[in-house]
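A structural walkthrough
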Amino acid sequence: MFKEKVLQDQVAVITGGGTGLGKDIAIAYAQQGAKIVICSRNEEHLAKGAADIAKAGGEVMTYSLDVREPQAIKAFTSAVVERFGKIDILVNNAAGNFIYPAEKLPLRGWKSVIDIVLNGTFYCSQIIGNQMIEQQSGQIMNILATYAWAGGPGTIHSASAKAGVLAMTRTLAVEWARYGIRVNAVAPGPFDTEGARTRLWPTPELEKSITDKIPLNRFTSTEEVAQAVLYLTSPYASYITGECVVIDGGAWLGKGIAGNMDFVDNFAAVREASKKARIK
Ligand code: NAP
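Computed from a predicted model, the values in this text were never measured in an experiment.

Per the secondary structure count, the protein chain includes 11 helices and 7 strands. Expressed as lengths along the three principal axes of its C-alpha atoms, the size of the protein chain is roughly 50 × 35 × 35 Å. Within the span of the protein chain, comprising 280 residues, buried residues form 53% of the whole. Taking all contacts inside the protein chain whose residues are at least 6 apart in sequence as the whole, residues at least 24 apart take part in 77%. A total accessible area of about 12700 Å² is found for the protein chain, and carbon and sulfur atoms account for 53% of it. Here the protein chain carries 29 positive and 27 negative side-chain charges, and the mean point of each set is 2 Å from the other.

The following block contains the structure:
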């Protein structure tokens, strides 16, 4: 997208950066000259992700981290600052999700998603945000979904957590502008990653039922989302803060997500197919 390396020598932390969208954001950043730090729980995800990101050039640091653990995030932040001296960009991408009708959702499932998405995003933002306040510069990018404001039948836990992160995005954008920190978000429509496919649309029929309701009639690609993230965290977007850019092929306006009761109505079939997809 850019002629020059717009993120030369910037240090970017991407939670959940070893897989899916997080990895493609890391690759887009590495191509622009950034030093990359990816963190998540599974070391295998991190090692595979780091190998792919390294092909795009530059340094990659991996760190085993659960975003639900504030003490671990403090140790992680110190380790990154010790190695690179600063943190310029934080991408809050780590998440968990699965389909369940609200009236049957086990409370531990509710708590688990709220802990990762809402609490984890706040812990990372506050702890790394304090490092950015010390630097008097930095950027936070939150990965949302359009159900943050439109509602998401079948995913009330994730929709509620993302709604909280949208409020966090706007609140921090105002509170931390005085420290030279910009806070933005993107809200992608569905895109195909192993995590999403096995939990959300484990059969081709379900996948088709979703794409049929998207005005542009296809999923978003992770590269398309990564390029929007790159723009928003680049110097070209230096006056944009508190914004959420939607990249969903018109899906939420066309009621492709908010009005889609397929997940709820086909709950039993989705669960069954999802279990098989995960065993594979
Ligand atoms: P994914 O490949 O399943 O990635 C999720 C990442 O989060 C994994 O790398 C996972 O790594 C990490 N993670 C999960 N729990 C964690 C924890 N407690 N601590 C640290 N890391 C944790 O998912 P994706 O489909 O690329 O989604 C990426 C983002 O886009 C998410 O925020 C998701 O909500 C959002 N989104 C996705 C879609 C879609 O259709 N796929 C649509 C809209 C928005 P470990 O397992 O190694 O911990």
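Now that the structure has been shown, the text picks up again.
Ranked by size, the top nonpolar core spans 52 residues in total, and within it Val13, Val37, Phe76 and Val80 carry the most contacts. Take this core: its biggest share by element is 9 residues, from helix H4 (residues 107-135). Excluding anything up to four places from it in sequence, valine 80 contacts Val11, Val13, Val37, Met61, Gly85, Lys86 and Ile87. Residues Ile25, Tyr29, Val186 and Ala226 belong to the second largest nonpolar core, which totals 32 residues.

Right, let's talk about the packing of H4 against helix H6 (residues 156-175) for a bit. The geometry of H4 relative to H6 is characterised by a closest axis approach of 8 Å and an angle of 15° between their N-to-C directions. Considering their axes alone, H4 and H6 lie roughly parallel with respect to each other. Between H4 and H6 lies a crossing whose hand is right-handed. On H6, the residues touching Gly109, Trp110, Val113, Ile114, Val117, Leu118, Thr121, Phe122 and Ser125 of H4 are Ile156, His157, Ser158, Ser160, Ala161, Lys162, Gly164, Val165, Met168 and Leu172. Split by residue class, the contact of H4 with H6 holds 11 nonpolar, 7 polar and 1 charged.

In spatial order, the strands read S3-S2-S1-S4-S5-S6-S7; together these 7 strands make up an open sheet with parallel pairing. Each edge of the sheet is formed by a strand with only one pairing partner; in this case those strands are strand S3 (60-64) and strand S7 (244-247). Neighbour-to-neighbour, the strand axes of the sheet open up by a mean angle of 15°, direction not taken into account. Examined bridge by bridge, strand S4 (residues 89-92) and strand S5 (residues 138-143) share 4 bridges and lie parallel to one another. Within S5, the position partnered with leucine 90 by the bridge is isoleucine 140. Where helix H1 (residues 20-31) meets the sheet, its contacts fall on strand S1 (11-15), strand S2 (35-40), S4 and S5, and the angle it forms with S1 comes to roughly 170°.

The next thing to look at is the pairing of S5. The buried fraction of S5 amounts to 6 of the 6 residues, a majority that puts the element mostly inside the structure. Neither face of S5 is open: one carries Gly138, Ile140 and Asn142, the other Gln139, Met141 and Ile143, and all of them are buried. For the handedness criterion, the β-α-β arrangement of S4, H4 and S5 is classed as right-handed. Bridge analysis of S5 against strand S6 (residues 181-188) gives 6 bridges, and the strand direction is parallel. Note on S6: the bridge partner recorded for isoleucine 140 is valine 183.

Cut-offs and rules
Residues numbered from 1 in each chain as written. Predicted model: local features only at pLDDT ≥ 70, side-chain atom pairs only at ≥ 80, totals over all residues. Heavy atoms only, no water. Helix = DSSP H or I, 4+ residues; strand = E, 2+ residues; numbered from the N terminus. Buried < 20%, exposed > 50% of the residue type's maximum accessible area, 1.4 Å probe, protein only. Contact = heavy atoms within 4.5 Å. Areas by Shrake-Rupley, 256 points an atom, 1.4 Å probe, with all protein chains shown as cover. Lys, Arg positive; Asp, Glu negative; His and termini not counted. Charge placed at Lys NZ, Arg CZ, Asp CG, Glu CD. Core = buried A, V, L, I, M, F, W, Y, C linked by side-chain atoms within 4.5 Å. Axes fitted to C-alpha atoms, helices over the stretch in contact; angles between N-to-C directions. Parallel < 35°, antiparallel > 145°, perpendicular 65-115°, else oblique. Left-handed = near helix turned anticlockwise from the far one by under 90°. Nonpolar A, V, L, I, M, F, W, Y, C, P; charged D, E, K, R; others polar. Pairing = 2+ DSSP bridges. Right-handed = clockwise from strand over helix to strand, strands pointing away.

So, to be careful, I would describe these as geometric facts and stop short of saying anything about function.
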